[in-house]
Structures are given as structure tokens and as C-alpha cells.
Amino acid sequence: MEGIRGSLNRIIRVQVSLVSTLAIALFTWASTAGAQFVTPGPNTNDVGLTPNLDYVPDFQLKQQQEPSCIMSPANELYILCAYNDLRASDLPAVQGDSWMGVSMSNDGGDTWFSRLAPGYLGHPNSLNQGFAADPALVAIPGNSPGLAILNYIAANRGSNDGQLLVQRWVEYPQEDQDFWKPEDNIIVIADGSEGRFIDKPAFLYVVDLVSQQGTITQQINVEGEAPISVTTPTGTLIAVYAVFTGNGGSKVLLRKSFDNGLTWTQSEKISEEQNEVTGVSVTALGDDFVVVYRRRGDNNQPDAVMSSFCSIGGKKNCTKGEVMFEMCPFDQPASGSTHRTFSFPWAANDGKRFWAFAADRRFANDASCTPVPDAAGIYTGKPRIVGMSSVNGKDWVGANGAETEPFILADRAEGFQVMPVAFGTKGRIDIAWYDTYREEVVGLPAGNNDILINDYSTGSAKVARKADVWMTRLTANCGPNAKNGCTPSIENPVRVSQYPAVLETSQANIRQETKAHLPNWTLY
């Protein structure tokens, strides 16, 4: 739940299916030779109105973070998002902390409506947990009505009694701003116990191969309505999560569901680390999938991006986690002038290869990764988004000639590049990240000594750092040899966060944006 994986203060309007936890981005494709590969539209606010007062409107315009979104496979105009929502953080009779917020649109993202998901303290079906966080949504293919499944954690602060949960949402086409209905039942996948707190879940749905595919028909009791019959293809839901063992170590565990989340298998141990595990991500090619995560470093082991290869139908479902590459992380603590964020990896596939991305300080222009004195876990060097790929999910490679090191996506001198997300389709991977490039091009007082995304003062004025969402696309045509490097073709990055602009009155040719993303402003 740490970091700035997303901010729901703005959403990038969309015209093709790309979903990211930074934003929903649907773009107009450029067809002119030499033009940029996407033309982003203006941002829209996807928190939206709450017509039903029982759903807890966001009257105080509180913060929302870390969104996860899906589009209905049967109708791309129907979009559902979930996120950490602070609208009830100052309302102890409702929750008094963060809970799951949900937004929905039935017109492709032009207009939105929002609510709190059921289960908060003031809800009739309360889970009696102090907060909820770390949402992940998946869409289940099938005919109308569609089905989406929300996965998240809930717990009481200062306690280890966490729960890993799913709630099913049924597409409900109507005209009263309530396009998805939550199931009355909230399903517990796993419970945390003393010394074992569940955190950092990843969630994935893998539809069965056509040759092995059947159908599932279920009657789902939804909020305020008669049961709805939902029919979907057969498939496997995969939940991967870290269990902290209480002595600084972690286990990475996996559970599966074959009935759209209604029941779950016993946990399977993917890996056990002596160090903390963070940032689990998972992606699948057919029946094979990879689990990617970060192992935090200590005096004995360096920080590293780890991976495990799994098969839904294999006798031994997952291999032990192995080092993909060592990294110099960008971890930033929360303070009065900095937001909290960590180097989390992200996994995706293009239909032929697995890919993984992370923010790494080693690839700054001076290739530095020097510990900062008296600042544990802080290093020099501005992070760059780097990646590796694998044709078999076991052997990971960089570019040709540099197989053991990750490649750089946007090799620019200026800017912090942090928190990548990636999605693949039809032979390509789209990657988005936060980047301070634009403000650093014009120069910052800290200059080369700038090691954090830190607000600063100039005389009596305090200057808030700004970050944009940037995006690139990569394609690759690499051979089947798992040991050979794979050099992708990478598009020039495009800034996709767009805000309304006005003309300067004194200089008519100067346009000034009226909004900005200020990551260090208080989130809680």
C-alpha cells in the first residue's frame, strides 16, 4: 500500500484498451510517419459523484491512491476501478481510516460515479477491520452480465490480524449510475495470525485453453437486488501474497480458485526469504505464469528482483524464487517534504515473452549507487526504469551483448523515474511511470546533489516538486534460444498526464497548465 502507484485526482481519457494502476489510458493512435505512438487526451476525474448517500459520498474531496481498473471484456465502455480511499478517514462512525473506494463508468471514461465498497465499519456487513488497502481487480470474460473480482487486504493497524479478501462485482446495465453491483458476501482467501501479516498481494485470472474450456453458471446475491445468474468460461484465479514471519523474513505464498473466487485451495509456498519481500507481481502466458517480487537487501544479501516460474497444470506448480538481477533501489521515506515510495517490480507479457521492469539507481548517468551517510537505505543516483525478458519464464536476459544486465527504457539525464506499471497485448508492451523530467530540464536548486524527490524552499517560498506520467512502448522479435539476449525496439517516451492550460496574458505564446501532480502533498 506504500508509494504513489496511482493518484485518482486525474485520469487520462482512453480510446483503446490499456489499463494501468497509474491511470486508465485510452489513446488515439498516430498514423503519420514519424509521429509519436500515442496522442493522449485530457485527464478526467474518475472519483465522480455519489448519487446514493448510503454509498458515502466524497464530500470532503479526500485523497485516493493506488487504483486498479478493468474494462468489461464484453463492452469496453463499462469500466470499473478500485483504490485506497480516504473519504471516510475523518468519519469514525463510517471508518476513520482508508477503505476500498470504487468508481464506475458506462461511457468509456467520460463520466464517473463512485462509492465505498461494502465491509467498512459503518456498513451493515462490516468486516470489523480498521483499514483496507492494496486493491487489484480482474475481469472475467463472458456474456452479459459481466463479472469483475476485487482483491484487497484489510487489517487493524498495529495488529497482525490481517485478511486477504475478494469481493465479486456483477455488471448491472441500467441508467441510475449504479453500473456494477457488489456481492453481499465478502470472501476470505487467507487470514493473518500473530506474527504473520498478509501484505503485497498480486491477483491474476487465467482463462482455460479453448480445448479444455467449459462454463460456470452461478447465482450471485448482490446488494439490494434479486440473485443474478452469471455464466463465464472456466479458468483459474491466482492470488500471490507475502506473509511476514515476524523475524524479518518472509514467505511468498500462492492460492488458486477454480470457481470465480468462491472457494480457494490451500496455500502453496513459492519461496521463503530471510529478508522482507515487497511488490509482488504476476503475469501468465497460457498455463505458465511467473511471479516477480523484490527481496529487500541487508548486510548479507543485496536488494534484488526475484522471479519464480509456475505452471497451472504442472506436478510441481512453482520453482523456488531466483535472482533475476541485483538492484540499487529508490526507496524514499515519508516526511514533511517527501512522499513514501519503494522500488517495486512489475511483470507483463507480450504473448511471446515474459517481461519485468523496476526503478534502479545503478543506471544513472554517473552509474552511482553510493550509500548516503546516516540515511539507511538511501543511495545516490537517479533511478531509471529498467527491464529484462524471458522466453521460458526461467532464464532472464537483457539486450544482446549485455545479457546479464537489464536494459534502460528512457535513458535521459534529467528526472527521477519511479513506480513503473506495464501491460502487454498483441506483441507489444506499454510501460508507464512517474517522472520528474519536465521540471528538472529547467533546473533545480539541488542540482546533482538531488537524491530524493524533495520539496524545497527558495527564500520565503516553498516549492512543491512535480511529477508527470510518461509512457513508452516496446516490441521485440527475438529468437527462441532462452540464453540469447533480446534487444527490444523502444518508442520515444510520451507524457500522457495532461491538464487544462491557459495563455499567459503578458506573453500570448506561452501556455501554462492550471493543474499539476504534486506527489509530496499530504496523502493522509
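Refer to the structure printed above.
Residues numbered from 1 in each chain as written. Predicted model: local features only at pLDDT ≥ 70, side-chain atom pairs only at ≥ 80, totals over all residues. Heavy atoms only, no water.

Peer 1: Teacher, can you tell me more about the packing of aromatic side chains here?
Peer 2: By convention here, two paired aromatic rings are described through the distance between centres and the angle between planes. Using the criterion set out here, one finds 9 aromatic pairs in the structure. With centroids separated by 5.6 Å and ring planes inclined at 90°, the aromatic side chains of Tyr 437 and Trp 470 adopt a geometry described as edge-to-face. In this pair, Tyr 437 sits in helix H1 (residues 437-441) while Trp 470 sits in strand E32 (residues 468-475), placing the two residues 33 residues apart along the sequence. Residue Tyr 437 is classed as partly exposed on the basis of its relative accessible area of 22%. Here Trp 470 falls in the buried class, since its relative accessible area comes to 8%. By the ring-pair criterion, three or more aromatic residues cluster together here, those being Tyr 78, Phe 113 and Phe 179. For the cation-ring pair, Arg 157 lies above Phe 131, with the distance from its terminal atom to the ring centre recorded as 4.1 Å. (Phe/Tyr/Trp six-rings, centres within 6.5 Å; stacked < 30°, edge-to-face > 60°. Helix = DSSP H or I, 4+ residues; strand = E, 2+ residues; numbered from the N terminus. Buried < 20%, exposed > 50% of the residue type's maximum accessible area, 1.4 Å probe, protein only. Lys NZ or Arg CZ within 6 Å of the ring centre and 35° of its normal.)

Peer 1: It is not clear to me how the sheet that holds strand E20 (residues 277-285) should be interpreted in this structure. Could you clarify?
Peer 2: Hydrogen bonding along the main chain pairs the strands of a sheet, whether they run parallel or antiparallel. If you walk across this open sheet you meet the 4 strands as E20-E21-E22-E23, and the pairing is antiparallel. The strands lining the two open edges of the sheet, one partner per strand, are E20 and strand E23 (322-326). Each adjacent strand pair in this sheet contributes to an overall mean axis angle of 25°, direction not counted. For strand E21 (residues 288-295) and strand E22 (residues 304-311), the ladder comprises 8 bridges, and the chain directions are antiparallel. Its bridge partner lying in E22, Tyr 293 is registered against Met 306. (Pairing = 2+ DSSP bridges. Axes fitted to C-alpha atoms, helices over the stretch in contact; angles between N-to-C directions.)

Peer 1: I tried to follow the sheet that holds strand E24 (residues 346-349) on my own but got confused; where do I start?
Peer 2: The antiparallel open sheet is built from 4 strands, whose spatial order is E24-E25-E26-E27. Strands with a single pairing partner mark the edges of an open sheet, and in this sheet they are E24 and strand E27 (407-408). Bridge count between strand E25 (residues 354-360) and strand E26 (residues 384-390): 7 bridges; the pairing is antiparallel. By the bridge assignment, Ala 359 is partnered in E26 with Ile 385.

Peer 1: Whenever I open this one, the state of the cysteines confuses me. Can you help?
Peer 2: The bond known as a disulfide is covalent and runs between the sulfur atoms of two cysteines. Counted under the stated rule, the structure contains 4 disulfides. Within the protein chain, bonded cysteines paired by disulfides and numbered along the sequence follow the pattern 1-2, 3-4, 5-6, 7-8. (Disulfide = S-S within 2.5 Å.)

Peer 1: What should I look at first to understand the environment of Asn 185 in this one?
Peer 2: Considering the arrangement of structural elements, one finds Asn 185 in the loop between strand E12 (180-182) and strand E13 (187-191). Judged by its relative accessible area of 39%, Asn 185 falls in the partly exposed class. Along the primary structure Asn 185 and Arg 168 are separated by 17 residues, whereas in three dimensions their C-alpha atoms are 8.3 Å apart.

Peer 1: How do you make sense of the nonpolar core when you look at a structure like this?
Peer 2: Nonpolar side chains in soluble globular proteins tend to end up buried together. Formed by 51 residues in total, the largest nonpolar core has its most connected members in Phe 203, Val 240, Phe 289 and Val 291. At 8 residues, strand E17 (residues 235-244) tops the list of elements feeding residues into this core. Counting residues in each nonpolar core, the second largest holds 38 residues, with Ala 348, Val 397, Met 419 and Met 471 among its members. (Core = buried A, V, L, I, M, F, W, Y, C linked by side-chain atoms within 4.5 Å.)

Peer 1: Could you clarify how one ought to interpret the environment of Val 170 in this entry?
Peer 2: Here Val 170 shows up in strand E11 (residues 163-171). Taking the relative accessible area as the measure of exposure, Val 170 reaches 0% and is therefore buried. For the pair formed by Val 170 and Leu 147, sequence separation is 23 residues and the distance between their alpha carbons is 4.8 Å. Setting aside anything within four residues of it in sequence, one finds Val 170 in contact with Pro 145, Gly 146, Leu 147, Phe 179, Trp 180, Lys 181, Ile 220, Val 222, Ile 228 and Val 230. (Contact = heavy atoms within 4.5 Å.)

Peer 1: Whenever I open this one, the pairing of strand E15 (residues 215-220) confuses me. Can you help?
Peer 2: Within a regular strand, the side chains alternate between the two sheet faces. The side-chain alternation of E15 yields one buried face, formed by Ile 216, Gln 218 and Ile 220, and one unburied face, formed by Thr 215, Thr 217 and Gln 219. As paired strands, E15 and strand E16 (residues 228-233) are joined by 6 bridges and run antiparallel to one another. Bridge pairing links Thr 215 to Pro 233 in E16.

Peer 1: What am I meant to see in the side chain of Asp 259 here?
Peer 2: Positionally, Asp 259 belongs in the loop between strand E18 (250-257) and strand E19 (268-273). Among buried Asp, Glu, Lys and Arg side chains, Asp 259 stands out as unpaired, with Arg 168 the closest opposite charge at 6.1 Å. Apart from the residues within four sequence positions on either side, Asp 259 is in contact with Arg 168, Ile 216 and Gln 218. (Lys, Arg positive; Asp, Glu negative; His and termini not counted. Salt bridge = Lys/Arg side-chain N within 4 Å of Asp/Glu carboxyl O.)

Peer 1: Explain the pattern of salt bridges to me, please; I cannot follow it from the model alone.
Peer 2: Pairs can form between side chains of opposite charge once their charged atoms are near each other. A full pass over the atoms with the stated rule returns 19 salt bridges. In this structure, Asp 97 and Arg 157 form a salt bridge, with 2.6 Å as the shortest nitrogen-oxygen distance. On the criterion of sequence distance, the pair formed by Asp 97 in the loop between strand E6 (75-85) and strand E7 (99-105) and Arg 157 in the loop between strand E10 (147-155) and E11 is long-range, its members being 60 residues apart. According to the relative accessible area criterion, Asp 97 is buried, its value standing at 15%. Given the relative accessible area of 49%, Arg 157 is considered partly exposed. Where Glu 405 meets Arg 362, a salt bridge forms, and the shortest distance between an N and an O atom there is 3.1 Å. Note that Glu 405 is positioned in the loop between E26 and E27 and Arg 362 in the loop between E25 and E26, a separation of 43 residues in sequence. One network of salt bridges, with partners in common, ties together Arg 294, Arg 296, Asp 303 and Asp 331.

Peer 1: Just to check I follow, could you spell out unusual backbone geometry for this structure?
Peer 2: Peptide bonds are trans in most cases, and residues, glycine excluded, mostly fall at negative phi. Look at Asp 134: it is not a glycine, yet its phi comes out positive at around 60°. Summarising the element assignment, Asp 134 is placed in strand E9 (residues 131-140). In this structure Asp 134 comes out as buried when scored by relative accessible area, which is 7%. Positioned with a positive phi, Asn 260 is a non-glycine residue whose angle comes to about 60°. Looking at the secondary structure, you find Asn 260 in the loop between E18 and E19.

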